[in-house]
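Chains, contacts and geometry: an overview
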Amino acid sequence: MTRTATPAGPARPGFLWAVPAAVFFGLFAVVPLVMVAVLSFAEWDGLSGPRFAGLDNWKTLFDDPVMVKSLWLSVLLTGLGVLVQTPLSILLGVWAAGRQRNRAVLSAIYFLPMLLSIAAVSVLWRAVLDPNLGVPAHATWLFGDGNLFGTQATAIGVLVFVSTWQFTPLHTLIYQGAARAIPQVLYQAAQIDGAGTVRQFFHITLPQLRNALITSMILMVVGGLTTFDTVLILTQGGPGSDTTISAYYMYQKAFKSFDYGAASAVALLLVLVATVISLVVVRLSGYDKMRSTMEGL
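Parameters at a glance
- Residues numbered from 1 in each chain as written.
- Predicted model: local features only at pLDDT ≥ 70, side-chain atom pairs only at ≥ 80, totals over all residues.
- Heavy atoms only, no water.
- Axes fitted to C-alpha atoms, helices over the stretch in contact; angles between N-to-C directions.
- Helix = DSSP H or I, 4+ residues; strand = E, 2+ residues; numbered from the N terminus.
- Parallel < 35°, antiparallel > 145°, perpendicular 65-115°, else oblique.
- Left-handed = near helix turned anticlockwise from the far one by under 90°.
- Contact = heavy atoms within 4.5 Å.
- Nonpolar A, V, L, I, M, F, W, Y, C, P; charged D, E, K, R; others polar.
- Phe/Tyr/Trp six-rings, centres within 6.5 Å; stacked < 30°, edge-to-face > 60°.
- Buried < 20%, exposed > 50% of the residue type's maximum accessible area, 1.4 Å probe, protein only.
- Lys NZ or Arg CZ within 6 Å of the ring centre and 35° of its normal.
- Core = buried A, V, L, I, M, F, W, Y, C linked by side-chain atoms within 4.5 Å.
- Polar contact = N/O pair within 3.5 Å; in protein donor to acceptor, adjacent residues only side chain to side chain.
- Expected span 1.5 Å × (residues − 1).
- Bend = angle between axes of the 7 residues up to and from the residue.
- Salt bridge = Lys/Arg side-chain N within 4 Å of Asp/Glu carboxyl O.

1. What about the packing of helix α9 (residues 184-192) against helix α10 (residues 197-208)?
Relative to each other, α9 and α10 sit at 165°, their axes nearing to 11 Å. One finds that α9 runs roughly antiparallel with respect to α10. Relative to α10, the crossing made by α9 is right-handed. Counting all contacts with α9, which are made through Leu 186, Tyr 187, Ala 190 and Gln 191, the residues of α10 involved are Gln 200, Ile 204, Thr 205 and Gln 208. Looking at side-chain class alone, the contact of α9 with α10 contains 4 nonpolar, 4 polar and no charged residues.

As structure tokens, then:
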């Protein structure tokens, strides 16, 4: 394998080093995506052969009020997740990057939810929040009738809470690594100039976490739009269709209605929406124009 030399720096590995990763990505990402795109224009029940249907699947989807509602619910849950998890992750990440007493032990305990599967976490919280045997049943003074899955507002609140509980540690880890990479000389200079902890946080730490912030937000957007396990186990799209997000709607079309063409159209739509939102975040943040290897510069 050859190495190519650059005028401004040391030689870089040749393109052959990327072949294994490119083949893996092509087989398990590009090829399935192309197949889904083809199926989105076909009728297929999973038994007989696919039959070309043109734009019928797409027309049917956008004429279905449940589908339109599911798309807005996906965007809503994603937005709530970003709004709740981002400030919490930043604060915890900056704290975990410090040298406080017992920081390592507390961080290890806090990161435990990240080690559990989504299904395990959902089953756990389904049992804890069960309206008959869970905590709400014994604390009606706080939870009312105890059925947090009975209304759209409380069901969405449960979904946001459970997702926050599990995935905040991941984003905290991102901010922790980024915070530790900030040059200490910046804080030393700020202390000489009389800047306190709060001013240092807003004028040094946050700007330096810009790259980590964009990366974290893109992961939240993609993860939020493709959430499925949590809804399947906790609410099953209920009450009614009030928490039927697009990924769960896709599951219903594919494995309950056996309409794989419509399900493929939903999957492709989710890919397009996630890609567009991610590109908008990157463009508005100026992330694509950054050239420095230092955070936020």
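2. Looking at the packing of aromatic side chains
A ring pair, where both rings are aromatic, is described by two values, the distance of the centres and the angle of the planes. For the structure shown, the criterion picks out 12 aromatic pairs. Ring plane angle 55° and centroid distance 5.1 Å describe the contact between Phe 228 and Tyr 251, whose orientation is recorded as tilted. Of this pair, Phe 228 sits in the loop between α11 (210-225) and α12 (229-234) while Tyr 251 sits in helix α13 (residues 246-255), and the two are 23 residues apart along the sequence. Take Tyr 251: its relative accessible area is 23%, and that puts it in the partly exposed class. Summarising the aromatic geometry, the rings of Phe 255 and Tyr 260 are spaced 6.1 Å apart at their centres and angled 90° between planes, so their arrangement reads as edge-to-face. Residue class for Phe 255 comes out exposed when judged on its relative accessible area of 53%. One aromatic cluster in this structure is built from Trp 44, Phe 228, Tyr 248, Tyr 251, Phe 255 and Tyr 260. Here Arg 126 stacks its cationic end above the ring of Phe 149, 4.2 Å away from the centre of that ring.

3. Comments concerning the nonpolar core
Counting residues in hydrophobic clusters, the biggest one holds 16 residues, and the most contacted among them are Leu 77, Trp 125, Leu 129, Val 158, Val 162, Leu 234 and Ile 245. Those elements giving two or more residues to this core turn out to be α3 (65-96), α5 (118-128), α8 (152-180) and α12. Residue contributions to this core peak at 5 residues, all from α8. Filtering out sequence-adjacent residues up to four positions away, Leu 129 remains in contact with Pro 136, Gly 146, Leu 148, Phe 149 and Val 158.

4. Side note on the side chain of Thr 78
Mapped onto the secondary structure, Thr 78 falls in helix α3. For Thr 78, the side chain forms a polar contact with the main-chain nitrogen of Leu 225, separated by 3.4 Å. When residues no more than four places from it in sequence are discounted, the contact partners of Thr 78 are Met 220, Val 221, Gly 224 and Leu 225.

5. Some words on α3
Under the 1.5 Å per step criterion, the end-to-end length of α3 is 45 Å for 32 residues, consistent within 8% with the ideal 46 Å. Of all the bends in α3, the greatest reaches close to 25° and is centred on Gln 85; the proline Pro 87 follows between one and four positions later.

6. Observations regarding the environment of Ala 195
Examined against the element boundaries, Ala 195 turns out to sit in the loop between α9 and α10. Ala 195 gets classed as buried once you look at its relative accessible area, which sits at 18%. Sequence-distant contacts of Ala 195, defined by excluding residues within four places in its chain, comprise Ala 190 and Gln 200.

7. Quick look at the environment of Ser 40
Its location among the elements puts Ser 40 in the loop between α1 (19-39) and β3 (42-43). In the structure, Ser 40 is positioned 12 residues away from Phe 52 in sequence and 9.3 Å away in space, judged by C-alpha atoms. If sequence neighbours within four positions are ignored, Ser 40 has contacts with Gly 54, Asn 57, Trp 58, Gly 261, Ser 264, Ala 265 and Leu 268.

8. Quick look at the pattern of salt bridges
Scanning the entire structure with this criterion turns up 2 salt bridges. Between Glu 43 and Arg 51 there is a salt bridge, with the nearest N and O atoms lying 2.4 Å from each other. For Glu 43, a relative accessible area of 34% gives the class partly exposed. For Asp 242, the salt bridge is made with Lys 69, and the minimal N-O distance between the two is 2.8 Å. Here Lys 69 lies in helix α3 and Asp 242 lies in the loop between α12 and α13, a separation of 173 residues in the sequence. Look at Lys 69 and you get partly exposed, because its relative accessible area is 29%.

Worth remembering: the numbers are spatial, not functional.
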